[in-house]
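# Geometric and topological summary
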Amino acid sequence: MTEPGASPEDPWVKVEYAYSDNSLDPDDEDSDYHQESYKESYKDRRRRAHTQAEQKRRDAIKRGYDDLQTIVPTCQQQDFAIGSQKLSKAIVLQKTIDYIQFLHKEKKKQEEEVSTLRKDVMALKIMKVNYEQIVKAHQDNPHEGEDQVSDQVKFNVFQGIMDSLFQSFNASISVASFQELSACVFSWIEEHCKPQTLREIVLGVLHQLKNQLY
């Protein structure tokens with residue numbers, strides 16, 4: 001206990017004054033040290049997290065290129081210009097693009113083949129219906145076929161069919177050049193020689209001939 005009359009020169013007063021001075025508190029230096037250490041450890045953690053994220057990204061890209069080389073057949077073929085060297089990323093990408101374009105062409109080709117087959121199936125169905133109608137007509141009138149048809153009648157039927165086809169042929173074909181003629185012929189066949197179109201022409205010719213004969 002300090003006496004009321006004690007002066008600042010008293011040793012006990014100096015000790016108490018020293019411990020009461022914040023500038024001499026030993027805990028302040030420890031606090032600054034721990035704070036600086038915390039800042040450095042935080043930077044280290046951020047740097048380490050960034051490095052790990054970058055490594056994961058590079059590993060993912062590498063796995064992607066490895067998968068492309070496994071999936072794309074042309075990447076597995078031996079390239080004598082490169083030899084046994086590992087394919088570069090640029091070559092892997094180019095081979096992948098080429099292979100995708102090849103697959104697109106094959107897909108388009110297959111779609112065209114499927115479309116052609118569907119048309120063939122439709123034509124066969126039409127022919128089937130026609131034959132069924134012929135068979136049914138023969139069964140309903142078994143004696144109808146006994147009447148002989150003259151060669152002139154057969155020629156008239158053929159002539160009527162050809163005349164009808166020639167009208168559309170003459171209207172559609174251009175003879176400006178052989179190349180244009182060839183293109184027009186194929187276009188005319190696809191347009192005017194369909195099974196359904198030919199059927200309508202034949203029925204029309206037979207109807208006209210029947211009216212002339214009877």
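Residues numbered from 1 in each chain as written. Predicted model: local features only at pLDDT ≥ 70, side-chain atom pairs only at ≥ 80, totals over all residues. Heavy atoms only, no water.

## Let's talk about the packing of helix α5 (residues 151–172) against helix α6 (residues 178–192)
Threshold: Lines fitted to the C-alpha atoms define the axes, with helices restricted to the stretch that makes contact. Angles between their N-to-C directions range from 0 to 180 degrees. Only DSSP runs of H or I covering at least 4 residues are called helices, and only runs of E covering at least 2 are called strands; the numbering of each starts at the N terminus. In these notes the angle categories are as follows: under 35 degrees is roughly parallel, over 145 is roughly antiparallel, 65 to 115 is roughly perpendicular, and the rest is oblique. Crossing handedness is defined as follows: a turn of the near helix away from the far one that is anticlockwise and smaller than a right angle gives a left-handed crossing, while the clockwise case is right-handed. Two residues qualify as a contact provided that any one of their heavy atoms is within 4.5 Å of a heavy atom in the partner residue. Classification convention: Asp, Glu, Lys, Arg as charged; Ala, Val, Leu, Ile, Met, Phe, Trp, Tyr, Cys, Pro as nonpolar; all other residues, Gly among them, as polar.
Running from N to C, α5 and α6 point in directions that differ by 140°, and their axes come no closer than 10 Å. It follows from the interaxial angle that α5 and α6 lie oblique. The handedness of the crossing between α5 and α6 comes out as right-handed. Across the interface between the two elements, L165, S168, F169 and S172 from α5 touch C184, V185, W188 and H192 from α6. Looking at side-chain class alone, the contact of α5 with α6 contains 5 nonpolar, 3 polar and no charged residues.

## Details of the packing of aromatic side chains
Our working definition: Working definition: a ring pair exists when centres of Phe, Tyr or Trp rings (six-membered ring for Trp) sit within 6.5 Å. Plane angles under 30 degrees give stacked, over 60 give edge-to-face, the rest tilted. Relative accessibility thresholds used throughout: buried, under 20% of the residue-type maximum; exposed, over 50%; partly exposed, between the two (1.4 Å probe, protein chains only).
According to the stated counting rule, one finds 3 aromatic pairs in the structure shown. Geometrically, the ring pair formed by Y99 and F102 is stacked, given 6.3 Å between the ring centres and 25° between the ring planes. Here F102 and Y99 lie together in helix α4 (residues 89–140), a separation of 3 residues that amounts to about one turn. Accessibility expressed as a relative area gives 23% for Y99, which makes it partly exposed. The structure contains a cluster of three or more aromatic residues connected by ring pairs, namely F166, F169 and W188.

## What to know about the environment of I161
The topology assignment puts I161 in helix α5. Of the residues examined, I161 reaches a relative accessible area of 17% and is grouped as buried. Not counting residues within four places of it along the chain, the set of residues in contact with I161 comprises I201, V202 and V205.

## Let's talk about the pattern of salt bridges
Under the convention used in this document: Within this document, salt bridges are pairs made up of a side-chain nitrogen of Lys or Arg and a carboxyl oxygen of Asp or Glu, the two lying within 4 Å of each other.
Under the counting rule described, the total for this entry stands at 6 salt bridges. Salt bridges sharing common partners tie together E54, R57 and R58.

## Quick word on the UniProt feature "coiled-coil region" (unreviewed entry) in the protein chain
Put simply, the rule reads: UniProt positions are given in the numbering used here, feature names are shortened, and annotations may be inferred rather than shown by experiment.
The feature "coiled-coil region" (unreviewed entry), as annotated in UniProt, sits at residues 100–127 in this numbering. Taken end to end, residues 100–127 has its terminal C-alpha atoms 41 Å apart, with 100% of it in helix and 0% in strand.

## Some details on the confidence of the model for the protein chain
What counts is decided by this rule: Each residue carries a pLDDT score, the predictor's own confidence in it, on a scale running from 0 to 100.
Taken residue by residue, the protein chain gives an average pLDDT of 76. The fraction at 70 or more is 72%. Per-residue pLDDT stays below 50 along residues 12–26; that stretch engages in 8 contacts with residues further than four places along the chain or on separate chains.

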